[in-house]
Amino acid sequence: MISINIIEEAAFQTIRRGATVISDDVRGAFARAIEAELSPIAKKGLEDTYKSMGLAELRDKPACPDTGWPIFYIKMGNEAQIEGGFMALEEAVRNAVRRATKAGYLRATMKHPLTGFDPGDNIGPNIPDFTYSFVPGDQMEITYVAKGGGSECFGGTRQRVVAFADGMAGIKKFVIDSFIASTKAGAICPPNILGVGVGGTANVAANLAKEAACLRKIGSHHPEPQIAQMEEELTDAINSLGVGIMGSGGRTSVLAVNIEYAYTHIAGIVCATSSNCMVARRATTRVLANGETVIMNDPDWFGGR
Amino acid sequence: MATYELRAPLKDEDVMQLRVGDLVYLSGPCFTCRSKLQRYIFDEGHTLPFTPEEGSILIHNGPIVVKEDGKWKLMSFMPTSSLRFEKWGRASIEQWNLKLICGKTTMGAETAKAMQEHRCVHVSPQSVSPFLWVDAIEIRGVDLFDEMGSIEAPWHFEMDKLGPFVVDMDCYGNNLFDAVTEQVEANRKKAYEKLGIPADFEYTRLYDE
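Residues numbered from 1 in each chain as written. Chains lettered and ligands numbered in written order. Predicted model: local features only at pLDDT ≥ 70, side-chain atom pairs only at ≥ 80, totals over all residues. Heavy atoms only, no water.

Here we take up the nonpolar core. General note: in soluble globular proteins, nonpolar side chains tend to be found buried as a group. Among the nonpolar cores identified, the biggest contains 54 residues, and Ile 57, Phe 77, Leu 100 and Leu 162 of chain B are the most heavily contacted of them. Among the elements that line this core, the one with the most residues is strand β9 (residues 155–169) of chain B, at 6 residues. Setting aside its immediate chain neighbours within four residues, Phe 77 of chain B contacts Pro 65 of chain A together with Ile 59, Asn 61, Pro 130, Trp 133, Val 134, Ile 137, Phe 157 and Leu 162 of chain B. The next biggest cluster of nonpolar side chains, apart from the first, holds 32 residues, and it includes Ile 171, Phe 174 and Val 254 of chain A together with Tyr 192 of chain B. (Core = buried A, V, L, I, M, F, W, Y, C linked by side-chain atoms within 4.5 Å. Buried < 20%, exposed > 50% of the residue type's maximum accessible area, 1.4 Å probe, protein only. Helix = DSSP H or I, 4+ residues; strand = E, 2+ residues; numbered from the N terminus. Contact = heavy atoms within 4.5 Å.)

Below, the structure written as structure tokens:
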């Protein structure tokens, strides 16, 4: 049985790491973008952002003050035993969010959508958000994502139903048009990690897009060649637009395009996009049945898809 | 593209020399705001508890600030998107005596007009680099903390060469992002071609939009 105190501490440390330490794959993509950049303003922007990421880790402070919506993805071993059960697990994670907010690792960003009431601790109805998947074993993994407001609020998240008559051209047009429409003046903090969800009901497509944007490592490809090829084609096409860092012009506009799909209805193909900020923040911790914790570099959310 | 070091309060000459694409570093006093404060002042008719001096600098942002040993400590700082404050752009320039607004993205046509009339510019970060900035900011105080909360309250900063920010709106009606948008539009057609999207492609309409 995994003790609930260990889960709360693991959740707290995962939030702290997620907010302050930028993953190697994201930093590697920045290093490549700096190398490739020709515009002096864009090159300096990329270099400054890269330097600041390093300093955030060194100083143990949030890499971006907009720590956004607190989102958790939990990969639960089928045989895992949680002290107090799943409700205790969620309460432990909420406690970790409260503590992380008080300690300044998270900004108190979540508020009531109508009254504007700010609880001051990022806790409220349906927030934080939890998504589960189930895998063999008696361990669990918790992934924290800080989903920034810039990439979410200014059109980086969109949806459209494409007719089968329009097929591949319709899907690709939706993706590139959505990106262009949301990136003017750097609103969604490009270069983004762009997630695309194809198929399923509207919520399934939107969830797949968000998971593709926030949980897939840069450099990973969908295992099916046709999807992997779409990812590469869209990455190249978007990077040929010249949007650049913060929309001021440059060669790198996306760090990756990641696509996930679900089977869909014969009547139409729901497509969704979700963009992650250039300062993409995520962290994963595995908690073993004996209470040991292991820091993971890759949420591997789609492993075994 | 020139680089300027500016010190608040700003004069007309400070602002009139700036052109889109120039870089600026800011020193001297400034204050911050987000939606809640502007709604409180401009829509609900409350008055600011302080008077911004002629030539003030405003930063659109919501910092992370914690209190340690009775002192405010800035944990992280990044300008937030100015686009969404467009409806208060003119009012803030006129009533808060602004010569410079710093924020992510840019602002719209009405603010651009007000900027031409009152000699004001908008500058924008071209990176997300809080830790190249936090050391250049000292917190001098905060107003309306109980009413607005920590993120939306107006913080008073003292800046010491905070930047660089790029001038995206000068006081002559130019906008840096217009040129990028034009370039992106020209490239869009080539991108369609690369992706195999026919030039005359039209969506089959499944619903009204």
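From this point on, the discussion continues.
All names here are of chain A. Taken in spatial order, the 5 strands line up as β2-β1-β3-β8-β9 in an open sheet, and their pairing is mixed. Where the open sheet ends on each side, the last strands, each with one partner, are β2 (129–135) and β9 (293–296). Taking the axes of each pair of neighbouring strands and ignoring which way they run, one obtains an average angle of 20 degrees across the sheet. (Pairing = 2+ DSSP bridges. Axes fitted to C-alpha atoms, helices over the stretch in contact; angles between N-to-C directions.)

On the chain B side, the residues contacting the 60 residues of chain A number 58 residues. For the chain A and chain B pair, buried surface summed over both sides reaches about 4,800 Å², with 66% attributable to carbon and sulfur atoms. Joining chain A to chain B, the criterion identifies 4 salt bridges. Taking the shortest distance from any N to any O, the salt bridge between Glu 152 of chain B and Lys 111 of chain A comes out at 2.7 Å. Taken together, the connections running from chain A to chain B amount to 19 residue pairs in polar contact (both at pLDDT 80 or more). Those elements that provide at least two residues to the side of chain A that touches chain B are α3 (40–59), β4 (158–162), α6 (167–182) and α8 (225–239) of chain A. The element that contributes the greatest number of residues to the side of chain A that touches chain B is α3 of chain A, accounting for 10 residues. (Buried area = accessible area lost by both parts, 1.4 Å probe. Salt bridge = Lys/Arg side-chain N within 4 Å of Asp/Glu carboxyl O. Polar contact = N/O pair within 3.5 Å; in protein donor to acceptor, adjacent residues only side chain to side chain.)

Take the sheet that holds strand β6 (residues 254–261) of chain A next. Backbone hydrogen bonds hold the strands of a sheet together, and the pairing may be parallel or antiparallel. All names here are of chain A. Across the sheet, which stays open at both edges, the 4 strands sit in the order β4-β7-β5-β6 with mixed pairing between neighbours. Both outer strands of the open sheet, β4 and β6, are each paired with one neighbouring strand and no more. For this sheet the average axis-to-axis angle between neighbouring strands, irrespective of direction, equals 20 degrees. Across 6 bridges, the pairing between strand β5 (residues 192–198) and strand β7 (residues 269–276) is antiparallel. When the bridges of β7 are listed, Gly 195 appears paired with Ser 274. Contacting β4, β5, β6 and β7, α6 crosses the sheet at an angle of about 160 degrees to β4.

Turning to the side chain of Thr 80 of chain B, a few remarks are in order. Within the secondary structure, Thr 80 of chain B is located in the loop between β5 (71–76) and α3 (89–95). Within the structure, the side chain of Thr 80 of chain B is placed 3.2 Å from the side chain of Arg 84 of chain B, a separation counted as a polar contact.

A few words on empty space enclosed by the protein. All names here are of chain A. Following the criterion strictly, the structure yields 1 cavity of 30 Å³ or more and no others. Estimates place the volume of the largest cavity at around 30 Å³. Taken together, Val 26, Ile 193, Ala 213, Cys 214, Arg 216, Asn 276, Ala 280 and Arg 282 make up the lining of the largest cavity. Residue composition of the lining of the largest cavity, grouped by class: 5 nonpolar, 1 polar and 2 charged. (1 Å grid on protein atoms, 1.4 Å probe; cavity = no way out; pocket = protein on both sides within 12 Å on 5 of 7 lines; lining within 4 Å. Points joined across faces, edges and corners; volume = space filled by probe spheres on them. Nonpolar A, V, L, I, M, F, W, Y, C, P; charged D, E, K, R; others polar.)

What follows deals with the pattern of salt bridges. Residues and elements named next belong to chain A. Going through the model one piece at a time under the given rule, you end up with 33 salt bridges over all chains. Between Arg 27 and Glu 57 there is a salt bridge, with its nearest N and O atoms 2.4 Å apart. In this pair, Arg 27 sits in helix α2 (residues 24–36) while Glu 57 sits in helix α3, placing the two residues 30 residues apart along the sequence. Put simply, Glu 91, Arg 94, Arg 98 and Asp 121 are held in one network by salt bridges that share partners.

Moving on, we come to the side chain of Ser 82 of chain B. By the element assignment, Ser 82 of chain B lies in the loop between β5 and α3. A polar contact is formed between the side chain of Ser 82 of chain B and the side chain of His 122 of chain B, at a distance of 2.8 Å.

This paragraph deals with unusual backbone geometry. With an omega of 0 degrees, the peptide bond between Ile 127 of chain A and Pro 128 of chain A qualifies as cis. Inspection of the secondary structure puts Pro 128 of chain A in the loop between α4 (85–102) and β2. With omega at 0 degrees, the peptide bond leading from Ala 8 of chain B into Pro 9 of chain B counts as cis. Phi at Ala 185 of chain A takes a positive value of approximately 60 degrees, unusual for a residue other than glycine. Within the secondary structure, Ala 185 of chain A sits in the loop between α6 and β5. When its relative accessible area of 5% is taken as the criterion, Ala 185 of chain A is described as buried.

The next point concerns the packing of aromatic side chains. Taken as a whole and judged by the stated rule, the model has 16 aromatic pairs over all chains. Measuring from ring centre to ring centre gives 5.1 Å for Phe 31 of chain B and Phe 50 of chain B, while their planes differ by 80 degrees; the resulting arrangement is edge-to-face. With a gap of 19 residues between them, Phe 31 of chain B in strand β2 (residues 23–33) and Phe 50 of chain B in the loop between α2 (35–43) and β3 (56–60) connect regions that are remote in the sequence. Each member of the pair, Phe 31 of chain B as well as Phe 50 of chain B, is classed as buried. Taking the centre distance of 5.7 Å and the plane angle of 40 degrees together, the rings of Trp 133 of chain B and Phe 165 of chain B count as tilted. With Trp 133 of chain B in the loop between β7 (121–124) and β8 (137–142) and Phe 165 of chain B in strand β9, the pair connects residues that are 32 residues apart, well separated along the chain. Across the pair, Phe 165 of chain B and Trp 133 of chain B agree in class, each one buried. An aromatic cluster of at least three residues, connected via ring pairs, comprises Phe 72, Phe 86, Phe 130, Tyr 132 and Tyr 144 of chain A. Directly above the aromatic system of Tyr 203 of chain B lies the positively charged group of Arg 160 of chain A, at a separation of 3.6 Å from the ring centroid. When the ring centre of Trp 72 of chain B is taken as origin, the NZ or CZ atom of Lys 67 of chain B, which lies over that ring, is 4.5 Å away. (Phe/Tyr/Trp six-rings, centres within 6.5 Å; stacked < 30°, edge-to-face > 60°. Lys NZ or Arg CZ within 6 Å of the ring centre and 35° of its normal.)

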